[in-house]
Amino acid sequence: MIGKRLRSDTLALWIIVLPGVLYFIIFKYVPMLGNVIAFKNYGLFLGIVKSPWVGLQYFEMMFSYDLPHFLSWVIVGGIFINLLSMNGFFNMLLDQAGMGPIDFLSKSEYFKTIIISTGIWKEVGWGMIIYLAALAGVNPSLYEAAMVDGAGRWRRMWSITLPAIMPAIVVLFLLRISSALDANVEQILVFLNPLVFDKGEVIDTYVYRIGLLGSQFSYSTAIGLFKSLIGLVLVVGLNQLSKRTTGESIY
């Protein structure tokens, strides 16, 4: 009797667990088999099985292609902290030039320059990809006709290129303006230290310090609502202005 009861209890437990086990097998583990296409030149019509093997070709492409946009700020920050340290590359150049080492990371007057420069270095490639995609859609015959009419490079840029990519410029600007009061918290926290607090603290780090660390949740919520309201006003206002002046908008 005891053995039968144990077997029935075990069977009941298996019946209870089975849906969860099947879920993970079907929707989590089986799809992992599709990762094999990372080692194949996958074609949509050839399928996974018939697509030819290419080995580590795409991994070599990934590691050899410079795209800092996809690197985390922890990695980027570590790179620049090493470059800007007292024994870093930049101070080695200054020392050889007879200008002496400069403690870039502990002097507040350099903090904004470091933040802006590293932000541009990390994100300019991603923005360039978007604008290059917009430029690829410009009809080449327009440039040919302008050259026949004697238009120079600057004239072609102002009369053809800028009007053609203006929709992309406006949309990206409107999408970005909503976060005008935001700052990349990861970037700020990587470079922030007590010696540069007077120039380095932004709204987000202030909210983090008083809201999470100081447990002033209502105050930090009020700051968040204020930021959201300002962002909404900027997006709605500039979207209407753009619609009236250029005819382009996000809604």
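Residues numbered from 1 in each chain as written. Predicted model: local features only at pLDDT ≥ 70, side-chain atom pairs only at ≥ 80, totals over all residues. Heavy atoms only, no water.

## Section: the overall build of the protein chain
Summing up its helical and strand segments, the protein chain has twelve helices and zero strands in all. Mapped in sequence order, the helices and strands of the protein chain form the string α-α-α-α-α-α-α-α-α-α-α-α. If one aligns the C-alpha atoms of the protein chain with their principal axes, the spans along those axes are about 95 × 55 × 50 Å. Looking at the 251 residues of the protein chain, the share that counts as buried comes to 20%. Pairs at least 24 residues apart make up 46% of the contacts formed inside the protein chain by residues separated by at least 6 positions. The positive charge centre, built from 18 side chains, and the negative charge centre, built from 15, are 12 Å apart in the protein chain. (Helix = DSSP H or I, 4+ residues; strand = E, 2+ residues; numbered from the N terminus. Buried < 20%, exposed > 50% of the residue type's maximum accessible area, 1.4 Å probe, protein only. Contact = heavy atoms within 4.5 Å. Lys, Arg positive; Asp, Glu negative; His and termini not counted. Charge placed at Lys NZ, Arg CZ, Asp CG, Glu CD.)

## Here's the deal with the nonpolar core
Ranked by size, the top nonpolar core spans 14 residues in total, and within it Phe111, Ile114 and Phe191 carry the most contacts. Those elements that provide at least two residues to this core are α4 (73-84), α6 (111-136) and α9 (185-191). In contact with Phe111, not counting residues within four places along its chain, are Ile188, Phe191, Leu192, Val196, Lys199 and Gly200. (Core = buried A, V, L, I, M, F, W, Y, C linked by side-chain atoms within 4.5 Å.)

## Looking at helix α8 (residues 153-177)
Spanning 25 residues, α8 covers only 31 Å between terminal C-alpha atoms, well under the ideal 36 Å at 1.5 Å per step. Buried within α8 we find Arg156, Ile160, Thr161, Ile165, Val170, Leu174 and Ile177. (Expected span 1.5 Å × (residues − 1).)

## Remarks on the packing of aromatic side chains
Applying the stated rule across the entire model yields five aromatic pairs. Measuring from ring centre to ring centre gives 5.5 Å for Tyr23 and Phe27, while their planes differ by 40°; the resulting arrangement is tilted. You can see Tyr23 and its partner Phe27 sitting in helix α1 (residues 2-29), four residues apart, about one turn around the helix. A ring pair is formed by Phe104 and Tyr110, whose centres lie 5.2 Å apart and whose planes are at 70°; its orientation type is edge-to-face. (Phe/Tyr/Trp six-rings, centres within 6.5 Å; stacked < 30°, edge-to-face > 60°.)

## Focus on the packing of helix α11 (residues 203-213) against helix α12 (residues 217-245)
For the pair α11 and α12, interaxial distance at closest approach is 8 Å and the crossing angle is 160°. Classified by the angle between their axes, α11 and α12 sit roughly antiparallel to one another. When the axes of α11 and α12 are compared, the crossing they make is left-handed. Contacts from Ile203, Asp204, Tyr206, Val207, Ile210 and Gly211 in α11 reach Phe217, Tyr219, Ser220, Ile223 and Lys227 in α12. Partitioned by chemical class, the residues of the contact of α11 with α12 number seven nonpolar, two polar and two charged. (Axes fitted to C-alpha atoms, helices over the stretch in contact; angles between N-to-C directions. Parallel < 35°, antiparallel > 145°, perpendicular 65-115°, else oblique. Left-handed = near helix turned anticlockwise from the far one by under 90°. Nonpolar A, V, L, I, M, F, W, Y, C, P; charged D, E, K, R; others polar.)

## Notes on the packing of α8 against α12
Where α8 meets α12, the axes come as close as 9 Å, and the angle between the chain directions of the two elements is 160°. Put simply, α8 runs roughly antiparallel to α12. As α8 runs across α12, the sense of the crossing is right-handed. Seen from α8, the contacting residues are Val170, Phe173, Leu174 and Ile177; seen from α12, they are Leu234, Val235, Leu238, Asn239 and Ser242. In terms of residue class, the contact of α8 with α12 is built from seven nonpolar, two polar and no charged.

## Quick notes on the environment of Tyr208
By the secondary structure assignment, Tyr208 is in helix α11. On a C-alpha basis, the gap between Tyr208 and Leu11 in space is 51 Å, while along the polypeptide they are 197 residues apart.

## Topic: α11
For α11, the set of buried residues is Asp204, Thr205, Ile210 and Gly211. Residues of α11 that are buried in the fold lie against α9 and α12. One or two residues past the end of α11 sits Ser215, with phi positive at roughly 60°.

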